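# Working through the structure, step by step
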Amino acid sequence: MISGPASRPLKAPPRSVVPTPPLLRSAASNPPPNTAARPAEPLPEQVCGGRRRRAPKLRRRGLPPMSFRTEASGGLFSALRRSLLHQHQQCRRITKVRLKWVKNRSLDHVIDTETDLKAACLLKDAIKRSSTGFLTAKSVADWQKALGLTVPVLRFLRRYPTLFHEFPHARYAGLPCFKLTDAALLLDSQEKSIHQNHEHDTVERLSKVLMMTKTKTVPLQSLIPLKWDLGLPDNFMKTLIPNHPDHFRFVKAASGDAYLKLVNWPESYAVSALEKRNESNEVGGEYRQFKRGQTALAFPMNFPRGYGAQKKVKAWMEEFQKLPYISPYEDSRHIDPSSDLMEKRVVGVLHEILSLTIHKKTKRNYLRSLREELNLPHKFTRIFTRYPGIFYLSLKCKTTTVALREGYRRGKLVDPHPLVRLREKFYHVMRTGLIYRGRGLGMIPPEEILLDDVEDETEQEESEEEELGTSEGCCEETSEMDDESDGQE
């Protein structure tokens, strides 16, 4: 043993106080010859904090062997701590601002009226599919929730006599039955003509939905609820899909569920609505710079009143817009799920999905059913309230609907699809029957239905926003809207 100072000899600590590691214990019990005057061999180099750093050498045997283990482990822990801190800074660079929900009266009015319009169109399609050509009140009694109505279906059918003609059953006189009026049949024939003339556009929209998914497949149980929003024909599984075998194919999973699969990848379709918008404008050559990878594409923002002038919101949105734009048709599995880049990718996917709908809106639950296929996080619906300049979340009609703000201007669609114009005629016929009841049948000549444009008698209100909550500012940290909307449906 090597002695210390003359007054106090240095003693090795007992095994019970400082345990010796097994590897060093075996080496100490059988020391090699001539090791007392030779220092121990240095350990291999370690990488700490991005710099190559040589581990400290062992001292002479007079020092407890645990001292080396403490120094080496401390260096590793500090390096790990610095690495985690660096990753955290990469993941969270933007300061988030939680904004309070602001009501938009004009968009709520659109969602309210189109809820009845969608229910009437679905009932019209159900009557057309019926082998008898009519529906009984008993057969539609349980359809209220599926149609999204707040009133019983029988009362809804009787509310619009210009679309649905009521008559008694042949065998059961007390059983009401409903068939389509001549005006409804004429509108249905026009709808079929639009689907035939714009079939290529319908194929492109459906292909884009499949192209955004991870496996290029979508379960039919998730696609059928989106049928009305995407502008698909009622019998698209029997007409549209078989007519285009080079685009689509039905497949069955191991669980027995039916899926729609994309057969090939049309490269010309892999352009998002935001890229098309910037490509057509090319303001200041920004799109050309984006194609070279020199800049990012900015989402159009339309903030509610009182938001745009706030410094916190401005700074937040400027930092968000500077992030690189990732196309929703690109593979995103290499992106960190907790990064700001992934959040902007989620915003881009939701923006593209809503852009593909012909009414620029859909129900939130329909998007939830596609969460796994679109590679979205679990709580992706909070994006709608976090970015009120891009999306609007409505709670009208006992459901939650998501609308794309840039698609509307003063309560009307900016670029309506031909099918939307036909549905406006459908609503005109509905409203005539609601106001004039049975007399409305004689007030709608066929020539008026065949016109390209029908004046909308409903006065669209201007975009008036009503702030809910206190008036202490729009940047208050609130989550009531998220909690309330998450608990619905």
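Residues numbered from 1 in each chain as written. Predicted model: local features only at pLDDT ≥ 70, side-chain atom pairs only at ≥ 80, totals over all residues. Heavy atoms only, no water.

## Notes on the overall build of the protein
The helix and strand tally for the protein stands at 19 helices and 15 strands. Long-range contacts, defined as pairs at least 24 residues apart, comprise 70% of the intrachain contacts of the protein with a sequence gap of at least 6. (Helix = DSSP H or I, 4+ residues; strand = E, 2+ residues; numbered from the N terminus. Contact = heavy atoms within 4.5 Å.)

## Looking at the packing of aromatic side chains
To describe a pair of aromatic rings, you give the distance between the ring centres and the angle between the ring planes. Applying the stated criterion to the full structure yields eight aromatic pairs. Ring geometry for Phe134 versus Phe167: centroids 5.6 Å apart, planes at 75°, classification edge-to-face. Of this pair, Phe134 sits in the loop between helix 3 (105–129) and strand 4 (135–136) while Phe167 sits in strand 5 (residues 164–168), and the two are 33 residues apart along the sequence. What makes Phe167 partly exposed here is its relative accessible area of 24%. When the ring of Phe156 is compared with that of Tyr160, the centres are 5.1 Å apart and the planes differ by 70°; the resulting orientation is edge-to-face. Accessibility classification places Phe156 together with Tyr160 in one group, the buried group. Grouped by ring-pair contacts, the aromatic residues Phe299, Trp316, Phe320, Tyr325 and Tyr387 constitute a single cluster. The ring of Phe320 carries the charged tip of Lys344 above its face, separated from the ring centre by 5.3 Å. Sitting over the ring of Trp228, Arg423 keeps its end group 4.0 Å from the ring centre. (Phe/Tyr/Trp six-rings, centres within 6.5 Å; stacked < 30°, edge-to-face > 60°. Buried < 20%, exposed > 50% of the residue type's maximum accessible area, 1.4 Å probe, protein only. Lys NZ or Arg CZ within 6 Å of the ring centre and 35° of its normal.)

## A few points about helix 7 (residues 199–211)
The terminal C-alpha atoms of helix 7, which comprises 13 residues, lie 18 Å apart, in line with the 18 Å expected from a rise of 1.5 Å per residue. Of the residues making up helix 7, those classed as buried are Thr202, Val203, Glu204, Arg205, Leu206, Ser207, Lys208, Val209, Leu210 and Met211. (Expected span 1.5 Å × (residues − 1).)

## Focus on the confidence of the model for the protein
Residues at a pLDDT of 70 or more form 65% of the protein, whose mean pLDDT is 76. Contacts of residues 1–7 to residues separated by more than four positions or lying in other chains number three contacts, the stretch itself having pLDDT below 50. Segment residues 31–53 is flagged for pLDDT under 50; beyond a separation of four residues in sequence, or across chains, it makes 24 contacts in the model. (pLDDT = per-residue confidence, 0-100.)

## Focus: the sheet that holds strand 5
What the three strands build is an open sheet, ordered 4-6-5; its pairing is antiparallel. Of all the strands in the sheet, the pair left with one neighbour each is strand 4 and strand 5. Inspection of the sheet shows strand 5 paired to strand 6 (residues 176–180) by five bridges, in the antiparallel sense. Bridging from a neighbouring strand, His165 pairs with Lys179 of strand 6. Where helix 3 meets the sheet, its contacts fall on strand 4, strand 5 and strand 6, and the angle it forms with strand 6 comes to roughly 95°. (Pairing = 2+ DSSP bridges. Axes fitted to C-alpha atoms, helices over the stretch in contact; angles between N-to-C directions.)

## Here's the deal with the pairing of strand 6
Burial of strand 6 is extensive: four of the five residues sit out of reach of the surface. Pairing analysis gives two bridges linking strand 4 to strand 6, with the strands arranged antiparallel. Residue pairing for strand 6: Thr136 is matched across the bridge by Cys177.

## Here's the deal with the sheet that holds strand 10 (residues 361–363)
Pairing is antiparallel across the open sheet formed by three strands, whose spatial order is 10-12-11. Two strands close off the open sheet at either side, each with one partner strand: strand 10 and strand 11 (391–394). Across the sheet, the mean angle from the axis of one strand to that of its neighbour is 20°, orientation sign disregarded. Set on the sheet, helix 3 makes contact with strand 10, strand 11 and strand 12 (401–404); between it and strand 11 the angle comes to about 55°. Contacts from helix 14 (residues 340–356) reach strand 10, strand 11 and strand 12, with the element oriented near 90° to strand 12.

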